[in-house]
Amino acid sequence: MPDRYALVGDPISTSPSPAMHNAGFRARGIDASYELRPTTPNTLAPLRRELAQRAWAGLNVTTPLKTLLTTDAELSPIARRAGAVNTLIRAPSGYRGELTDVAGVAEPLRAHGYAGGGEALILGAGGAARAAALALESLDCRLHIAARRIEQATALARELALAPATAVLALDDTAALALALARVDVIVQATPVGRQGDAHALPWGHATHALVAFEMLYRPRVTPFVQQAQSAGHEIVFGWEMLLSQGLASFALWCAEPVPRDEMRAALLHALPA
């Protein structure tokens with residue numbers, strides 16, 4: 001019987017993850033399937049029964065379940081620190097939990113030539129920002145975190161025990177954003193802003209040198225943030241690159257086979273509207 005994998009969360013109906021992972025299984029001749037398993041906090045009990053029965057070989061976990069499913073697995077150190085999980089791996093007794101979103105941020109930055117050691121501005125203080133903060137910390141960056149309310153940014157820095165030098169600011173504080181943009185090498189867009197064609201009002205003109213602009217949204221593929229950063233002449237990391245990198249990391253945890261990067265990348269891009 002084929003091993004079963006799935007993405008759990010809600011809403012997930014338009015996710016390209018099945019196309020990406022099923023292409024990976026086919027490329028390696030693995031008898032497995034990847035499907036969508038829509039689940040909300042109100043419908044979590046049936047999924048937990050399935051996990052108790054070890055019915056799934058592995059799961060990817062997305063909003064709004066990343067924090068809720070931390071109690072259903074033995075967490076890696078990084079997932080425990082983040083208080084979130086996005087990948088479950090079936091183990092001899094239960095499941096192991098990992099947060100491959102951290103690799104999803106760090107690996108594309110490295111691929112775009114960013115070696116770390118500088119300063120980075122994160123827009124947002126939610127779950128995506130947590131992964132970005134941990135990834136940038138692993139690259140030895142001094143962090144600036146901008147949130148809608150400054151207390152959100154302060155809480156994120158405290159909960160992750162980030163370095164005391166971490167700066168926090170409000171997203172509507174144009175003067176503080178201008179000062180940050182003049183210092184940083186990387187800016188990460190880690191909010192839902194952009195899904196509906198909306199955009200942050202960022203003072204791009206204050207950037208004193210070319211930045212790496214990292215968009216964590218993958219739909220639409222080109223967001224207003226990406227358009228603004230391109231117009232300002234900055235290097236772009238697209239959201240699909242993060243989705244691919246975290247998916248490759250999940251595949252590596254699930255399967256004792258070389259990760260078929262090219263096939264998974266092609267399937268992902270085919271499944272995403274240009």
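Scroll up to find the structure.
First, a word on what this report is: a plain description of the structure on this page. Remember, predicted model here, so these are calculated numbers, not experimental data.

## Quick look at the overall build of the protein chain
- Along the backbone of the protein chain there are ten helices and twelve strands.
- A compact globule built from 274 residues would reach a C-alpha radius of gyration of about 19 Å, and the protein chain, at 19 Å, matches this within 12%.
- If one aligns the C-alpha atoms of the protein chain with their principal axes, the spans along those axes are about 60 × 35 × 30 Å.
- Within the protein chain, buried positions represent 53% of all 274 residues.
- Residue pairs at least 24 apart in sequence account for 65% of intrachain contacts in the protein chain once pairs closer than 6 positions are excluded.
- Here the protein chain carries 24 positive and 25 negative side-chain charges, and the mean point of each set is 4 Å from the other.

## Focus on helix H6 (residues 150–159)
- Among the residues making up H6, those that are buried are Ala-153, Ala-155, Leu-156 and Ala-157.
- The inward-facing, buried residues of H6 abut helix H5 (127–138), strand S8 (142–147) and strand S9 (167–170).

## Considerations on the packing of helix H9 (residues 239–254) against helix H10 (residues 261–271)
- Two elements in contact, H9 and H10, have axes whose closest approach is 10 Å; the angle formed by their N-to-C orientations is 135°. Relative to H10, the element H9 lies oblique. Note that H9 runs across H10; the crossing there is right-handed. On H10, the residues touching Trp-240, Leu-243, Leu-244, Gly-247, Leu-248 and Phe-251 of H9 are Arg-261, Met-264, Arg-265, Leu-268 and Leu-269.
- Its residues assigned to classes, the contact of H9 with H10 comprises eight nonpolar, one polar and two charged.

## Observations concerning the sheet that holds strand S5 (residues 87–91)
- An order of S2-S1-S3-S5-S6-S4 is seen for the six strands of this open sheet, with the pairing classed as mixed. Unpaired on one side and paired on the other, strand S2 (32–38) and strand S4 (74–75) mark the two borders of the sheet.
- Inspection of the sheet shows S5 paired to strand S6 (residues 94–98) by five bridges, in the antiparallel sense. When the bridges of S6 are listed, Arg-90 appears paired with Tyr-95.
- Relative to S5, H9 is tilted by about 5°, and along the sheet it contacts strand S1 (3–9), S2, strand S3 (58–61), S5 and S6.

What counts and what doesn't
Residues numbered from 1 in each chain as written. Predicted model: local features only at pLDDT ≥ 70, side-chain atom pairs only at ≥ 80, totals over all residues. Heavy atoms only, no water. Helix = DSSP H or I, 4+ residues; strand = E, 2+ residues; numbered from the N terminus. Rg over C-alpha atoms; globule rule 2.2 N^0.38 Å. Buried < 20%, exposed > 50% of the residue type's maximum accessible area, 1.4 Å probe, protein only. Contact = heavy atoms within 4.5 Å. Lys, Arg positive; Asp, Glu negative; His and termini not counted. Charge placed at Lys NZ, Arg CZ, Asp CG, Glu CD. Axes fitted to C-alpha atoms, helices over the stretch in contact; angles between N-to-C directions. Parallel < 35°, antiparallel > 145°, perpendicular 65-115°, else oblique. Left-handed = near helix turned anticlockwise from the far one by under 90°. Nonpolar A, V, L, I, M, F, W, Y, C, P; charged D, E, K, R; others polar. Pairing = 2+ DSSP bridges.

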